[in-house]
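Tertiary structure, described
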Amino acid sequence: MITMSDVFENVMELAKRRGFIWPTSECYGAVAGFIDYGPLGAMMKRRIEDIWREFYVIREGYYEIECPTIAQEAVFIASGHVAGFADKMCQCPHCSEYLRADHVAEAGGIRNASTMKNDELAAALATCTCPACGKVLWKVEVFQFNLMFKTSIGPGSQRTGYLRPETAQGMFVDFARLLRFYRDKLPFGAVQIGKSYRNEISPRQGMIRLREFTQAEAEIFVHPAEKNRHPRFARYAGYSMPLLTYVQQQQCGEAVTMTMQEAVEKGVIANQYLAYYVALTHEMLVSIGIRPEKLRFRQHLPDERAHYATDCWDAEIHSGRFGWVETVGLADRTDYDLNAHAKQSGTPMTVFIQYDEPRKVPRRRIIPNMSVLGKQYRQKAKAIFAELETAVPTKDGADVVVDGEKIHIPADLFEVRDEIVDVRGEDIVPHVVEPSYGIDRMCYAVLEQAYDEDIADGEKRVVMRLSPKVAPVQVAVFPLMTRDNLDTIALDITHAFHTKGIQAEYDDSGAIGRRYRRQDEIGTPFAVTVDYDTKENNTVTLRDRDSMKQVRVPVADLPEIVAGLVAGSTKFAELK
RNA sequence: GCAUCGAUGGUCUAGAGGUAUGACUUAGGCCUUCCAAGCCUAUAGCCCGGGUUCGAUUCCCGGUCGAUGCACCA
């Protein structure tokens with residue numbers, strides 16, 4: 001039996017020793033918040049990313065794009081990260097403690113601390129006490145600590161760049177191109193798997209809070225009026241899971257289990273789109289090996305939501321070490337981001353939605369007599385022309401304001417024409433539904449949940465019960481003895497696996513039991529052993545990691561059988 | 001970031017002001033007909049920088065990393 005408090009240390013020690021996760025640049029001293037994926041870790045991470053692609057790229061049809069990890073300042077001014085992704089901080093002059101300036105002020109009874117400017121806040125803080133040492137702060141300086149890594153683009157530092165704190169902005173700024181790619185029709189989605197960077201103040205939870213981390217994000221662009229009509233909603237309508245709503249949280253209640261259909265109908269989840277990806281996320285996480293009982297979906301409390309989101313749900317995975325860990329965020333970002341980028345860049349980010357039938361709309365047009373107007377007003381004529389379009393004419397004429405000057409245009413200088421026009425559609429700003437996955441946290445959760453110790457033949461066996469889908473090495477091949485040609489047969493089998501794209505590892509070192517244990521420890525789900533019967537009848541034993549049971553199968557069938565076992569289409573227990 | 005504690009082969013560990021103990025692992029060999037057996041051999045270590053000292057892995061100071069508490073965690 002292993003207790004949960006040991007699990008983190010055991011699993012991280014194993015991960016380090018066997019080449020899953022390493023501290024980065026160890027020979028120079030590691031840096032907190034950064035990790036290296038070793039050979040097995042990189043392989044496992046890639047398998048998890050590929051399963052994610054199966055769900056989002058292949059099944060949903062949302063193509064993957066790849067944007068730079070550095071972007072120019074304007075991108076993050078628009079996104080709100082330059083202004084908003086920063087904390088106001090100050091340092092206590094007595095005990096040198098770093099403090100959240102606005103929190104201290106609010107605790108000291110100062111109102112609107114969060115909206116104050118730095119110097120106002122500093123002045124207000126003079127009477128507040130330091131929560132660390134209890135002394136009055138008197139004189140402090142308030143500064144912004146922005147969690148984005150800042151850099152400069154090109155020589156001479158002319159241009160500010162930031163390492164992206166999320167991959168999402170890349171999909172937003174490419175909106176116009178994406179819309180053309182998807183032939184101007186909603187809904188569509190784009191996804192990205194890549195590195196993001198946050199200069200965390202004090203990352204101290206191993207793989208859980210990293211300064212450089214991998215995100216897998218999908219941005220799904222949808223008509224705001226269509227959010228309750230996901231075209232494939234039927235797939236998950238009956239899918240049920242425990243949901244911890246914000247109402248339940250406020251009442252200290254338990255999660256409520258319900259179907260996605262119910263959740264949407266009862267208004268628990270804001271719309272079908274969000275519910276669809278909540279269910280998809282559940283299915284995806286379970287398929288990489290997360291146990292359902294260690295998985296829950298928690299709704300953000302209203303004051304917890306990010307600046308852009310309306311409804312927001314987190315997939316949380318329970319860790320023996322860290323408790324419930326936010327691993328996936330599912331947010332309805334509305335039209336916040338597209339509006340912000342449209343405003344900042346001056347590029348419209350809208351979709352033209354055609355009506356089924358053109359609508360007859362009455363419209364009043366004011367048509368100026370430019371030949372007279374031009375002569376009379378000369379250089380002001382153009383501005384007057386523009387102003388007249390929105391002017392409200394009376395019998396006498398119309399008043400317009402040009403450069404602050406009020407000008408009266410007599411009625412005979414323009415014609416008012418009321419007409420019925422066909423309006424064929426409208427420009428709308430799509431809403432964005434965003435599932436955002438923390439790949440590193442998923443990797444950690446998979447490792448933690450896979451770690452197990454049992455007793456085999458009276459001795460402790462450490463075994464990583466990784467799903468065959470994510471296990472780095474998929475099958476091990478052993479000759480029982482390194483002689484009598486058993487080794488060459490085993491090498492041929494290994495080669496046959498490789499040509500079928502199966503990650504197979506050959507090992508002839510030491511006793512057979514030791515080799516099984518080695519593979520158990522890195523989570524290899526299956527092992528093939530070539531013995532003397534192989535030479536008689538061309539069969540080998542195929543051993544299952546979890547049950548340690550063996551079956552005899554023909555050598556020729558091995559690649560197909562193992563491929564089926566790895567894909568999950570066959571179970572070991574079903575083999576003869 | 002602050003405070004406390006810690007850091008010895010790949011892993012776990014013994015130890016002392018004079019370069020280091022043992023086990024496991026790994027590699028090579030012998031042996032071995034299915035779950036870490038045995039025998040022989042080999043590889044490999046005192047976190048980094050400064051100070052004290054004839055001499056520091058050991059003592060002192062600073063740093064890095066890790067654990068714990070506090071703060072922080074769009």
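Shown above is the structure to which this text applies.
A brief look at the structure comes next.

The rules behind each value
- Residues numbered from 1 in each chain as written.
- Chains lettered and ligands numbered in written order.
- Predicted model: local features only at pLDDT ≥ 70, side-chain atom pairs only at ≥ 80, totals over all residues.
- Heavy atoms only, no water.
- 1 Å grid on protein atoms, 1.4 Å probe; cavity = no way out; pocket = protein on both sides within 12 Å on 5 of 7 lines; lining within 4 Å.
- Points joined across faces, edges and corners; volume = space filled by probe spheres on them.
- Helix = DSSP H or I, 4+ residues; strand = E, 2+ residues; numbered from the N terminus.
- Near = heavy atom within 4 Å.
- Polar contact = N/O pair within 3.5 Å; in protein donor to acceptor, adjacent residues only side chain to side chain.
- Core = buried A, V, L, I, M, F, W, Y, C linked by side-chain atoms within 4.5 Å.
- Buried < 20%, exposed > 50% of the residue type's maximum accessible area, 1.4 Å probe, protein only.
- Contact = heavy atoms within 4.5 Å.
- Axes fitted to C-alpha atoms, helices over the stretch in contact; angles between N-to-C directions.
- Parallel < 35°, antiparallel > 145°, perpendicular 65-115°, else oblique.
- Left-handed = near helix turned anticlockwise from the far one by under 90°.
- Nonpolar A, V, L, I, M, F, W, Y, C, P; charged D, E, K, R; others polar.
- Pairing = 2+ DSSP bridges.
- Phe/Tyr/Trp six-rings, centres within 6.5 Å; stacked < 30°, edge-to-face > 60°.

1. Section: empty space enclosed by the protein
This structure, assessed with the given rule, holds one cavity of 30 Å³ or more. Every residue lining the largest cavity is listed: Ile208, Ile317, His318, Ser319, Val325, Thr327, Arg441, Tyr444 and Ala445. Of all the secondary structure elements, the ones that give two or more residues to the lining of the largest cavity are strand 15 (312–319), strand 16 (323–334) and helix 16 (439–450).

2. Some details on the protein's contact with RNA strand B
Near RNA strand B, the surroundings consist of 43 residues, among which Phe85, Arg100, Arg198, Arg204 and Tyr516 are the closest. Counting only atoms of RNA strand B within 4 Å of the protein, the fraction found in sugar and phosphate groups is 54%. Contacts to RNA strand B include Arg514, whose side-chain N or O atom sits 2.7 Å from a phosphate oxygen. Taking Arg543, its side chain carries an N or O atom lying 3.0 Å from a base nitrogen of RNA strand B. Within the residue set of the surface near RNA strand B, elements represented by two or more residues are helix 1 (4–18), strand 6 (98–100), strand 23 (459–464), helix 18 (512–521) and strand 27 (539–544).

3. Quick notes on the nonpolar core
Within the largest apolar cluster, 73 residues are counted, with the highest numbers of intra-cluster contacts made by Phe20, Tyr56, Leu243, Ile269, Tyr277 and Ile288. It is helix 12 (residues 272–287) that provides the largest number of residues to this core, a total of ten residues. Once residues lying within four places of it in the same chain are set aside, the contact partners of Ile269 are Leu243, Met260, Ala263, Val264, Leu274, Ala275, Val278, Asp311 and Trp313. Leu486, Val528, Val551 and Leu565 belong to the second largest nonpolar core, which has 22 residues in total.

4. With respect to the packing of helix 2 (residues 39–59) against helix 16
Across the interface, helix 2 lies against helix 16 with an axial gap of 10 Å and an inter-helix angle of 115 degrees. Classified by the angle their axes make, helix 2 and helix 16 are roughly perpendicular. The handedness of the crossing between helix 2 and helix 16 is right-handed. Of the residues in helix 16, those touching helix 2 at Met44, Lys45, Ile48 and Glu49 are Ile439, Asp440, Met442, Cys443, Val446 and Leu447. Considering only residue class, the contact of helix 2 with helix 16 consists of seven nonpolar, no polar and three charged.

5. Description of the sheet that holds strand 11 (residues 212–222)
Taken in spatial order, the nine strands line up as 3-10-11-21-16-15-14-12-13 in an open sheet, and their pairing is mixed. Bordering the open sheet on either side are strand 3 (63–64) and strand 13 (256–259), each of which pairs with just one other strand. Relative to strand 14 (residues 295–299), strand 12 (residues 240–244) runs parallel, the two being bridged by two bridges. Paired with Leu244 across the strands is Arg298, a residue of strand 14. Along the sheet face, helix 12 touches strand 11, strand 12, strand 14, strand 15, strand 16 and strand 21 (431–438) and points at about 150 degrees away from the line of strand 16.

6. Overview of the pairing of strand 26 (residues 526–530)
Counted residue by residue, strand 26 has five buried out of five residues, so it is predominantly covered. Residues Phe526, Val528 and Val530 line one face of strand 26 and the alternating positions Ala527 and Thr529 line the opposite face, and both faces are buried. Here strand 24 (residues 475–479) runs beside strand 26; their pairing, made up of five bridges, is parallel. Pairing of Ala476 across the sheet is with Ala527, part of strand 26. Across four bridges, strand 26 lies against strand 27 in antiparallel orientation. Counterpart to Thr529 in the pairing with strand 27 is Thr541.

7. Side note on the sheet that holds strand 4 (residues 70–72)
Overall, antiparallel pairing links the three strands, which are arranged 4-9-8 in an open sheet. Of all strands in the sheet, those with a lone pairing partner are strand 4 and strand 8 (150–153), marking the two edges. Strand-to-strand twist in this sheet, taken as the mean axis angle between neighbours without regard to direction, amounts to 45 degrees. Two strands pair when backbone bridges link them, and strand 8 and strand 9 (residues 159–163) are joined in this way by four bridges, in the antiparallel orientation. Residue Ser152 lies in a different strand from strand 9, and its bridge partner there is Thr160.

8. A short note on the layout of surface pockets
Of the pockets and cavities examined, the second largest pocket occupies roughly 650 Å³. The wall of the second largest pocket is formed by 31 residues, among which Arg465, Leu466, Ser467, Arg545 and Asp546 lie closest to the centre. Secondary structure elements with two or more residues in the lining of the second largest pocket: helix 1, helix 16, strand 22 (451–456) and helix 20 (558–567). With four residues, helix 16 is the largest single contributor of residues to the lining of the second largest pocket.

9. Quick notes on the packing of aromatic side chains
Taken as a whole and judged by the stated rule, the model has 21 aromatic pairs. A ring pair is formed by Trp52 and Tyr56, whose centres lie 4.5 Å apart and whose planes are at 25 degrees; its orientation type is stacked. Placement of the pair is Trp52 and Tyr56 together in helix 2, with a separation of four residues, close to one helical turn. On the basis of relative accessibility, which here comes to 0%, the residue Trp52 falls in the buried class. Taking 6.1 Å as the distance between ring centres and 90 degrees as the angle between the ring planes, the aromatic pair formed by Phe76 and Tyr162 counts as edge-to-face.

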